[in-house]
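Chain residues, written in single-letter form:
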Amino acid sequence: MKKFGYGVVVTLSAAILLSACSGADGAKQELSPENDNAINTVQAEEMEPAVFQPHEGLNDAPIPLDMERDGTDVYINMTAQITDIEIEEGYNYKAWTFNGEAPGPLVVVNEGDTIHFTLENKDPAIPHSMDFHAVHTAPDKGFANVMPNEEGTFTYQATKPGVFMYHCGTGPILSHIANGMHGVIIVKPADGYPTDDQVDKEFVIIQNEWYKYNDLDDMTNNEPSQVVFSAKALHEGQPNTNGTVTALKDEPLLAKVGDKVRIYINNVGPNEVSSFHVVGTIFDDVYLDGNPANRLEGMQTVMLPASGGAVVEFTVIEEGVYPFVTHQFNHATKGAVGYIKVTEDGLDDGAEVSGH
């Protein structure tokens, strides 16, 4: 494969971008109030969008994140690829993804690490790129486009701790993010968080939105069809899901009575804010954008702008089911609800979960 080195700027073909990001035919949206999980979504049986022709028939299998460490040098290899994702039952979305996941795979590095990032563009028709919110770089160099069937390598340092969004930065950026090219990179603080010795369980949750397939007009001017949560496995055995309706209802997060729970949360948008709230508890500690310097206490809800992150910590004092939502309840109704199941031993007792 031909490689683009750090600092190479690739000139795009306007024709490619215009054809890639043209809107698909719309579909009806319905609300089903009789359904406990009533979600105002694009109905699968109504949804027969014209797939962007060069992507027709493509469905690359997900690829595990390739990441290696040598001291403070971290080598990360990722792919841009087209992968079908069933974002709700019966509705497959031909997502533009990193590594076949949407949101893409979780990346975790340490404050001060040097990231050597390689993007392989497996998309046969559209340039893609990587914009890490966690680094300083000239965007036309460090976030340069990688052309179809080629790869590019870029180097930068992670100098600030936090919970940061990453996304494709190729124009129209909205099309690339909304079609699935988004994810989270956590930069762990060199000196940790003041509450590290108190935390029993920690999870990563991401909120994102879906619109009509590859419809830039809908993405620009209308409300999302689905607003969803996903979990990315921070530790072995944890759920690792795509951003799909009911994903974290069907596979709740697990904790035991008395645990102090830490959640790394990011709202990758692309358009809507999130009012993140865990029902039945109060946040003991909050680190805005995941930076230890931005500490707040005793919060009920954390406002996350599009791309905004946080670390939130709370204690679960009784056995039961603790829903987490965005308190924009029109969005919770569209799917942005997940569950934390709390038992005496922290294991799944097999009981059916019900709630919001």
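In this report, the structure presented in the accompanying data block is examined. Given the structure is predicted, the values throughout are model-derived calculations rather than measurements. (Residues numbered from 1 in each chain as written. Predicted model: local features only at pLDDT ≥ 70, side-chain atom pairs only at ≥ 80, totals over all residues. Heavy atoms only, no water.)

Concerning the overall build of the chain
- A count of helical and extended segments in the chain gives 6 helices and 23 strands.
- Across the 356 residues that make up the chain, the buried fraction comes to 55%.
- For the chain, the share of sequence-separated contacts (at least 6 apart) that also reach a separation of at least 24 residues comes to 70%. (Helix = DSSP H or I, 4+ residues; strand = E, 2+ residues; numbered from the N terminus. Buried < 20%, exposed > 50% of the residue type's maximum accessible area, 1.4 Å probe, protein only. Contact = heavy atoms within 4.5 Å.)

Some words on the pattern of salt bridges
- In total, this model carries 13 salt bridges according to the counting rule given.
- Salt-bridge contacts for Arg262 lead to Glu202; the nearest nitrogen and oxygen are separated by 3.6 Å. Placement of the pair is Arg262 in strand β16 (residues 260-269) and Glu202 in strand β13 (residues 201-210), with a sequence separation of 60 residues.
- Taking the shortest distance from any N to any O, the salt bridge between Lys341 and Asp348 comes out at 2.7 Å.
- Looking at Lys341, the relative accessible area reads 5%, which means it is buried. (Salt bridge = Lys/Arg side-chain N within 4 Å of Asp/Glu carboxyl O.)

Structural notes on the nonpolar core
- Core analysis: the largest hydrophobic core is formed by 44 residues, its most contacted members being Val109, Ile115, Phe117 and Ile185.
- Listed by contribution, the elements that provide at least two residues to this core are β5 (73-88), β6 (91-98), β7 (107-110), β8 (114-121), β10 (151-157), β11 (162-167) and β12 (182-188).
- No other element matches the 7 residues that β5 contributes to this core.
- In terms of nonpolar packing, the next biggest core, distinct from the first, is built from 26 residues, Ile205, Ala255, Val278 and Phe283 among them. (Core = buried A, V, L, I, M, F, W, Y, C linked by side-chain atoms within 4.5 Å.)

Comments concerning the side chain of His116
- As for its position among the elements, His116 is in strand β8.
- For His116, a relative accessible area of 18% gives the class buried.
- Only 2.9 Å separates the side chain of His116 from the side chain of Asp73, close enough to count as a polar contact.
- At 3.5 Å, the side chain of His116 forms a polar contact with the side chain of Thr155.
- When neighbours within four sequence positions are excluded, His116 is seen to be in contact with Asp73, Val74, Tyr75, Ile76, Phe154 and Thr155. (Polar contact = N/O pair within 3.5 Å; in protein donor to acceptor, adjacent residues only side chain to side chain.)

Comments concerning the sheet that holds β13
- Taking strand neighbours across the sheet as the criterion, the 6 strands line up as β14-β13-β16-β21-β18-β19 in an open arrangement whose pairing is mixed. A single partner strand is all that each edge strand has here, and the edge strands are β14 (226-232) and β19 (295-299). Ignoring strand direction, the axes of neighbouring strands in this sheet form an average angle of 25°.
- Here strand β18 (residues 283-288) pairs with β19 via 4 bridges, running antiparallel. Among the inter-strand pairings, Phe283 is bridged to a residue of β19, identified as Met299. (Pairing = 2+ DSSP bridges. Axes fitted to C-alpha atoms, helices over the stretch in contact; angles between N-to-C directions.)

Some details on the pairing of strand β17 (residues 274-278)
- Burial runs high along β17: 5 of the 5 residues are buried.
- Here β17 shows a buried face lined by Ser274, Phe276 and Val278 and a second buried face lined by Ser275 and His277.
- Bridging between β17 and strand β20 (residues 302-304) involves 3 bridges; their strand directions are antiparallel. Bridge pairing in β20 links Phe276 to Val302.
- In this sheet, strand β22 (residues 320-326) lies alongside β17 in antiparallel orientation, the contact comprising 3 bridges. In the strand pairing of β22, His277 is matched with Val325.

Notes on the sheet that holds β12
- Judged by pairing direction, the sheet is mixed, and its 4 strands sit side by side in the order β7-β12-β11-β9 without closing on themselves. Two strands bound the open sheet, and with one partner strand each, they are β7 and β9 (131-132).
- Across 2 bridges, β9 lies against β11 in antiparallel orientation. When the bridges of β11 are listed, Phe132 appears paired with Tyr166.

Side note on the pairing of β13
- Burial within β13 is extensive, with 9 of its 10 residues counted as buried.
- With 8 bridges joining them, β13 and β16 adopt parallel strand pairing. Its bridge partner being in β16, Phe203 is matched across the sheet by Ile263.
- Alignment of β13 against β14, held across 7 bridges, turns out to be antiparallel. Within the sheet, the bridge partner assigned to Ile206 lies in β14 and is Ser230.

Quick word on the environment of Gln198
- Take Gln198: it is sitting in the loop between β12 and β13.
- In sequence terms Gln198 and Arg262 are 64 residues apart; their C-alpha atoms lie 9.7 Å from each other.

Description of the packing of aromatic side chains
- Throughout the structure, instances matching the rule amount to 14 aromatic pairs.
- Note on Phe117 and Phe132: the rings are 5.1 Å apart at their centroids and 85° apart in plane angle, and the pair reads as edge-to-face. Here the residue Phe117 occupies a position in strand β8, and Phe132 occupies one in strand β9, the gap between them amounting to 15 residues. The same class applies to Phe117 as to Phe132, namely buried. (Phe/Tyr/Trp six-rings, centres within 6.5 Å; stacked < 30°, edge-to-face > 60°.)

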